[in-house]
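# Chain and residue survey
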Amino acid sequence: MELCCSGVLTGGGGGGGATRAAPPRNPRPGSTGASSPGGLLAATPKRPLGGRAGYRQPDPRAPPCAERRRESVVHMLRSAAGPGEALELFKTAARQHRVVHTTESCNYMLELMRAHGRVGDMAQVFDLMQKQIVKTNVGTFATIFRGVGVEGGLRSAPLALPVMREAGISLNAYTYNGLIYFLVKSGFDLEAMEVYKSMAEDGIAPSVRTYSVLMVAFGKRRDVDTVLWLLSEMEARGVKPNVYSYTICIRVLGQAGRFEEAYRILEKMEDAGCKPDVVTHTVLIQVLCDAGRLSDAKDVFWKMKASDQKPDRVTYITLLDKCGDNGDSQSVMEIWNAMVVDGYNDNIVAYTAVVDALCQVGRVDEASAVFDEMKRKGIAPEQYSYNSLISGFLKAGMFDRAVELFNHMNIHGPSPNGYTYVLFINYYGKSGQSLKAIQRYELMKRKGIVPDVVSGNAVLYGLAKSGRLGMAKRVFYELKAMGVSPDAITYTMMIKCCSKASKADEAVKIFSEMMETGCVPDILAVNSLIDTLYKGGRGHEAWQFFHQLKDMKIEPTDGTYNTLLAGLGREGKVKEVMHLLEEMNSTSYPPNLITYNTVLDCLCKNGEVNSALDMLYSMTMKGCIPDLSSYNTVMYGLVKEDRFKEAFMMFCLMKKVLVPDYATLCTILPSFVKNGLMKEALHTVKEYVLQPDSNLDRSLFHSLMEGILKKAGMEKSIDFAEMIASSGTLLNDFFLCPLIRHLCKDKKVLEAHELVQKFQSLGVSLNTGSYNALIGGLVDENLIDLAEGLFAEMKILGCAPDEFTYNLILDAMGKSMRIEEMLKVQEEMHRKGFESTYVTYNTIISGLVKSKMLDQAIDLYYNLMSEGFSPTPCTYGPLLDGLLKAGQMEDAENLFNEMLEYGCKPNCTIYNILLNGHRIAGNTENVCQLFKKMIEQGIKPDIKSYTVLIDTLCTAGRLDDGLSYFRELIELGLQPDLITYNLLIDGLGKYERIEEAVSLFNEMKKKGIAPNLYTYNSLILHLGKAGKATEAREMYEELLMKGLKPNVFTYNAIIRGYSVSGSTDNAFAAYGQMIAGGCLPNSSTYMQLPNQL
């Protein structure tokens, strides 16, 4: 019988059997529906021999019609009237020599038979499939399993096999191997092993391929015992292991660190006549390197060189890469030279490998030379080559060279890929430049490179480090929107970012999302969450997560315990800390150095310094050597309790074994100075700070002096700095600059000026920073002449002013309303090579406004805007203030709207200017609305905002509203200042709520805010008006005791009080005191005297 294209079975050969027409089919578009002339497979090529067993490799010479014929077989089967007819067609086609059944046609028949419950026919189809060695796939087995009533897909193979046997469906060696392969590929290794055992029970001999697939699978699982059992199984069943089998065992044993057994396998191979090949030796080299046994790996390599199994390119690159990772620069060069001799330096892979290895060991210049040599040989570097060198430059801090190489890629190719950008993103993130990291990330996207989880994680690392949660969330949700699935690192970075931003709720939410999405959290994510919760004051929840670790099948690490210890320490729970420390001793993570240092910190900060001393001295006995941090922590505890002698003894003891670091000096030096041990302090500075080879860091000195100032006070700090200068130890201003800044901050600018002159007489030279600090303080106090004198002095002494200096002097000129001189200073600034910045222009605009030149200031603003100037709130502040104070409310409102249109967001200062302007204009409702608006826009009002609002409300007679806002600002953590208290005290007095005024006055003093003359005058006035002349007199006497000098308003208030209460003699006595004190009366004075009432 022959099969024709029409699907009709016709008599052929010597038979004259009956014919049966197939159901009619619709012709394909473009065809006439007629049968093709000749048989369907009339020109079927002979099936090629060879290839993988059971796989019908297509003959590349086969005409295109061969594929169409195969498709026609399935098409013909689909056209059958029912399963019975389809089965007959299937079997008939199989008997024809020119018919090639495919996986598709067999799977179709299996599914058709299954759908009709014809399990016996499924057995026939599968048997035929195995006999013709038709390739099976996952769908084949899934269909059969469902057919025999076993659900669960491929993984249910061990359950399905006995049911299949009962149904008459048996597997041969080829299909068993196929099933094992599919199970392993799907990750069902244990089920594959069960199938292997069923195969053996069925008496079907496994092949080397069977064992190889299983050994690779269990090797990936690091299940050494199972791999070795499979090897013994092979030998027991008479299957001779090949090189591949032995090599798998060597790899797995090496990964488990069982090298003695690995070497025994190597010897066994040779004894069995199976000579190890290059791959075997390369695998051994790799696992030795991974285990840190680089020396052994190199021995294997050099033995290979001396044998007939010479290293190949893969061997060289493997060892080269590992030597680079381990920082073995000598071996890198030796191996590279050997590669050159053996001729393996002839392609991009070899060159890139050595460039990468040299970069790993820090020999970046040599890597760059090799890179250039590669290009000279005409070998075009690929992206990976460029990335290796860029990575090396960045690790070596050669940022400019990395950027140069990146720009070269952009111009000449190959174009940077995602990893190139990730290198820069990583660099910026780790160096604390998170904004530049996000900019590079955005540039990558603009170049059409779609972010993946690696680039996302890189940018999130930098954002987490800086706590920029808003940006991190945008990147995170953008990745998800693009279909990128966050991994454990992504979620961990987000949790860390929440921790840095003190957003514990957000951290818990992200962790919950991580669990819901099926992303298995690792211990790093859990540790980050525990740390976040503890820092957020939610220690109870942190412990709940810790107790859930067992359910999550996550083993706590020393990092977990250390995080919990730190949290307990912050809570001051010393007993719980010691209990957890004991618990750690019984775990697989005994206390380490970080653990002990954490506990020492807890003990010292919670008044248990003696316990800390005991622990410090017992650490060595427990196998943990104290480090600098350990000593520094205990010294800090001793100093905190003023146990200075013990701290000094520990310092001397520590110096014998460790070199004090910056933290040590910050702990011990302030105590030296405070206790008057100036010589010891000077000796310590000379010994550990001012070494000839030390790199003097200005910020280090500044921080040291800040600590000394805080601990010892200004007077002793000046003595210490003077001793340093007098001894000639240090004649720059490193120790002087912080003193200047503190004095200026405390409004003691003239003292700072005198101090500078004194130190200059000792030979100390000031640098620009110190001059700027003093000039800035003088300008703030309106001591303009002195500021200008210093400016002239620094130029004479050769200390070049910088941009900041010029801006300070511009501010000084503006404050003194010397506009022409201000503009001359700007010209000098330009001549010195400094461009006017937004700070410069803002200063000039402010100066013009202060000089009553508002129109010129506005003209300058619009000229700048026409030239592309980017305004800041500091640009608009003076202009708005000038317009409001000039009563030009509409112009001020227009300018404010213009500010918003330019995208310049108003800050608290801008709103304070607006509030004050409307306060002056008496627009109470506008002030209230503006205050409400700034809060709605997320701008937190400061004390000045509240003070303006309270003043406005008190003036408008809304005293209770003012008091309400006063209570609100205290609840928000703001501290009322003298002006705020004075406004409310005066307001309460005006509305005859004198007891509340006095209560507020007493509250102010308790908070350490010293009343001024205005405070006393207000209370004296209102007490007198209320007929409380005695209390008014007491206030007067108190202000005298405080050293305040009464003015005419003070005396007028006292006189009025006595006059109101009818104490005429006292009124005239007060008047007499006024005259005697040299205070001239005014017209109001005479109005208050009794005869005028």
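These numbers were taken from a predicted model, which means no experiment stands behind them. Throughout this description, residue numbers start from 1 for each chain and increase along the sequence as written. Local features in this predicted model are restricted to residues of pLDDT 70 or higher, and side-chain atom pairs are both shown and tallied only at a pLDDT of 80 or more, whereas totals for entire chains, interfaces and linings draw on every residue. Side-chain metrics rest on all non-hydrogen atoms present in the structure, leaving aside hydrogens and water.

A few words on the overall build of the protein. Secondary structure is summarised from DSSP: a helix means a run of H or I of at least four residues, a strand means a run of E of at least two, and numbering begins at the N terminus for each. Within the protein one finds 58 helices and two strands. Against the globule reference of 31 Å for 1093 residues, the protein gives a C-alpha radius of gyration of 44 Å, more extended than a compact globule. Dimensions of the protein along its principal axes, counting C-alpha atoms only, are 155 × 75 × 65 Å. Buried means the residue's accessible area, taken with a 1.4 Å probe over protein chains only, is under 20% of the maximum for its type, while exposed means over 50%, and partly exposed covers the values in between. Buried positions account for 48% of the 1093 residues belonging to the protein. Whether two residues are in contact is decided by their heavy atoms, any of which lying within 4.5 Å being enough. Sequence separation of 24 or more characterises 61% of the internal contacts of the protein that already satisfy a separation of 6 or more. In these tables, accessible area is a Shrake-Rupley quantity obtained with a 1.4 Å probe, and a residue counts as shielded only by the protein chains included in the view. Total accessible area computed for the protein in this model is approximately 53,200 Å², and 52% of it derives from carbon and sulfur atoms. Radius of gyration means the value over C-alpha atoms here, while the globule rule gives 2.2 Å times the residue count to the 0.38 power.

A few words now on the side chain of Asn912. With respect to the element layout, Asn912 can be found in helix 48 (residues 908–920). With a relative accessible area of 6%, Asn912 lands in the buried category. N or O atoms within 3.5 Å of each other form a polar contact, as long as, within protein, one can give a hydrogen and the other can take it, and as long as residues adjacent in sequence are counted only when both atoms are side-chain atoms. Within the structure, Asn912 has its side chain in polar contact with the side chain of Ser945 (distance 2.5 Å). Once residues lying within four places of it in the same chain are set aside, the contact partners of Asn912 are Asp942, Lys944 and Ser945.

Once that is clear, we can look at the packing of helix 7 (residues 173–185) against helix 9 (residues 208–220). One can describe the packing of helix 7 onto helix 9 by two numbers: an axis separation of 10 Å at closest approach and a directional angle of 10°. Comparing the axis directions of helix 7 and helix 9 gives the class roughly parallel. Classified by chirality, the crossing of helix 9 by helix 7 is left-handed. Across the interface between the two elements, Asn177, Ile180, Tyr181 and Val184 of helix 7 pack against Arg209, Thr210, Val213, Leu214 and Ala217 of helix 9. Here the residues of the contact of helix 7 with helix 9 are counted per class, giving six nonpolar, two polar and one charged. Here, axes are lines fitted to C-alpha atoms. For helices the fit covers the stretch in contact, and angles between N-to-C directions go from 0 to 180 degrees. The cut-offs work like this: below 35 degrees is roughly parallel, past 145 is roughly antiparallel, 65 to 115 is roughly perpendicular, and the gaps in between are oblique. For any pair of crossing helices, the crossing counts as left-handed if the nearer helix is rotated counterclockwise from the farther one by less than a right angle, and right-handed if it is rotated clockwise. Three residue categories are used. Nonpolar comprises Ala, Val, Leu, Ile, Met, Phe, Trp, Tyr, Cys and Pro, charged comprises Asp, Glu, Lys and Arg, and polar comprises the others, including Gly.

This part is about the pattern of salt bridges. Charged atoms that come close allow side chains of opposite charge to pair. For this document, the term salt bridge refers to a Lys or Arg side-chain nitrogen within 4 Å of an Asp or Glu carboxyl oxygen. Counted according to the given criterion, the structure contains 47 salt bridges. Across the pair Lys1007 and Glu1003 runs a salt bridge whose closest N-O atoms are separated by 3.7 Å. Lys1007 sits in the partly exposed class, given a relative accessible area of 38%. Using a relative accessible area of 28% as the deciding quantity, one classes Glu1003 as partly exposed. Through salt bridges with shared partners, a single network forms among Glu442, Lys445, Arg474 and Glu478.

Let us now look at the packing of aromatic side chains. Two numbers describe a pair of aromatic rings. These are the distance of the centres and the angle of the planes. Ring pairs are drawn from Phe, Tyr and Trp, using the six-membered ring of Trp, whenever the two centres fall within 6.5 Å, and their geometry is named by plane angle: stacked under 30 degrees, edge-to-face over 60, tilted for the rest. Summed over all chains, the structure comprises 38 aromatic pairs. An angle of 75° between the planes, with centres 4.8 Å apart, marks the rings of Phe301 and Trp302 as edge-to-face. Taking relative accessible area as the criterion, Phe301 reaches 0% and is therefore assigned buried. On the basis of relative accessibility, which here comes to 37%, the residue Trp302 falls in the partly exposed class. Centre to centre, the rings of Phe966 and Tyr981 are 5.4 Å apart; their planes meet at 70°, and the pair counts as edge-to-face. With Phe966 in helix 51 (residues 959–971) and Tyr981 in helix 52 (residues 978–990), this residue pair connects regions lying 15 residues apart in the sequence.

For every residue, the predictor states its confidence as a pLDDT score lying anywhere from 0 to 100. Averaged over the protein, the pLDDT score is 84; the fraction of residues at 70 or greater is 92%. The low-confidence segment residues 1–68, where pLDDT is below 50, has 74 contacts with residues more than four positions distant or belonging to other chains.

Think of a nonpolar core as a cluster: buried Ala, Val, Leu, Ile, Met, Phe, Trp, Tyr and Cys residues, connected wherever their side-chain atoms sit within 4.5 Å. Of all hydrophobic cores here, the largest spans 332 residues; its most connected members are Met109, Leu179, Phe720 and Ile775. Of all the elements, helix 37 (residues 698–726) adds the most residues to this core, at eleven residues.

With that settled, the discussion passes to helix 3 (residues 103–115). Under the 1.5 Å per step criterion, the end-to-end length of helix 3 is 18 Å for 13 residues, consistent within 8% with the ideal 18 Å. Taken together, the buried positions of helix 3 are Thr103, Ser105, Cys106, Asn107, Tyr108, Met109, Leu110, Leu112 and Met113. Note on helix 3: the residue one or two positions beyond its end, Gly117, has a positive phi of about 70°. The length a helix should cover is 1.5 Å for every residue beyond the first.

With respect to the helices and strands, His281 occurs in helix 13 (residues 278–290). Relative accessible area serves as the criterion here: at 15%, His281 is assigned to the buried category. For His281 and Thr247, which are 34 residues apart along the polypeptide, the C-alpha to C-alpha distance reads 8.5 Å. Discounting chain neighbours no more than four positions away, the residues touching His281 are Pro276, Val300, Met304 and Gln309.

The next subject is the environment of Val574. Relative to the helices and strands, Val574 resides in helix 30 (residues 574–585). The class for Val574 is buried, based on a relative accessible area of 17%. Ignoring anything within four residues of it in the chain, the contact list for Val574 reads Cys602, Leu603, Asn606 and Glu608.

For the rest of this paragraph, the subject is the packing of helix 46 (residues 873–885) against helix 47 (residues 889–901). Between helix 46 and helix 47, the least distance of the axes is 8 Å, while the angle of their chain directions is 165°. On the basis of the axis angle, helix 46 is roughly antiparallel to helix 47. When you trace helix 46 past helix 47, the crossing you get is left-handed. From helix 46, Pro873, Tyr876, Leu879, Leu880, Leu883 and Leu884 reach across to helix 47, where they touch Met889, Asp891, Ala892, Leu895, Phe896, Glu898 and Met899.

All right, on to helix 47 then. For helix 47, built from 13 residues, the straight-helix expectation of 18 Å at 1.5 Å per residue is met to within 8% by its first-to-last C-alpha distance of 19 Å. Directly after helix 47, the chain includes Gly903, whose backbone phi takes a positive value near 80°.

Comment: phi is negative for the bulk of residues other than glycine, and the bulk of peptide bonds are trans. Here the residue pair Gly413 and Pro414 is connected by a cis peptide bond, since its omega of -10° sits within 30 degrees of zero. Despite not being glycine, Ser502 has its phi angle at roughly 60°, a positive value. With respect to the element layout, Ser502 can be found in the loop between helix 25 (488–500) and helix 26 (504–516). The backbone phi angle of Lys747 is positive, close to 65°, even though this residue is not glycine.

As a further point, take the side chain of Thr247. Here Thr247 shows up in helix 11 (residues 243–255). What Thr247 contacts, discounting residues up to four positions off in sequence, is Val279, Thr280 and Val283.

A grouping of Lys395, Lys430, Lys465 and Lys500 is seen on the molecular surface, where their side chains present a positively charged patch. Within the fold, Lys430 resides in helix 21 (residues 418–430). Patch definition: residues above 30% relative accessible area lacking any salt bridge, with like charges linked at up to 9 Å and the nonpolar side chains Val, Leu, Ile, Met, Phe, Trp and Tyr linked at up to 5 Å. Just so you know, the count uses Lys and Arg for positive and Asp and Glu for negative, and it drops His and the chain ends. The atom standing in for a charge is NZ when the residue is Lys, CZ when it is Arg, CG when it is Asp and CD when it is Glu.

This paragraph deals with the state of the cysteines. When two cysteine sulfur atoms are found within 2.5 Å, that pair is recorded as a disulfide. Enumeration according to the criterion identifies zero disulfides in this entry. Here Cys904 is not cross-linked by a disulfide; its sulfur's nearest cysteine counterpart is in Cys874, at 9.0 Å.

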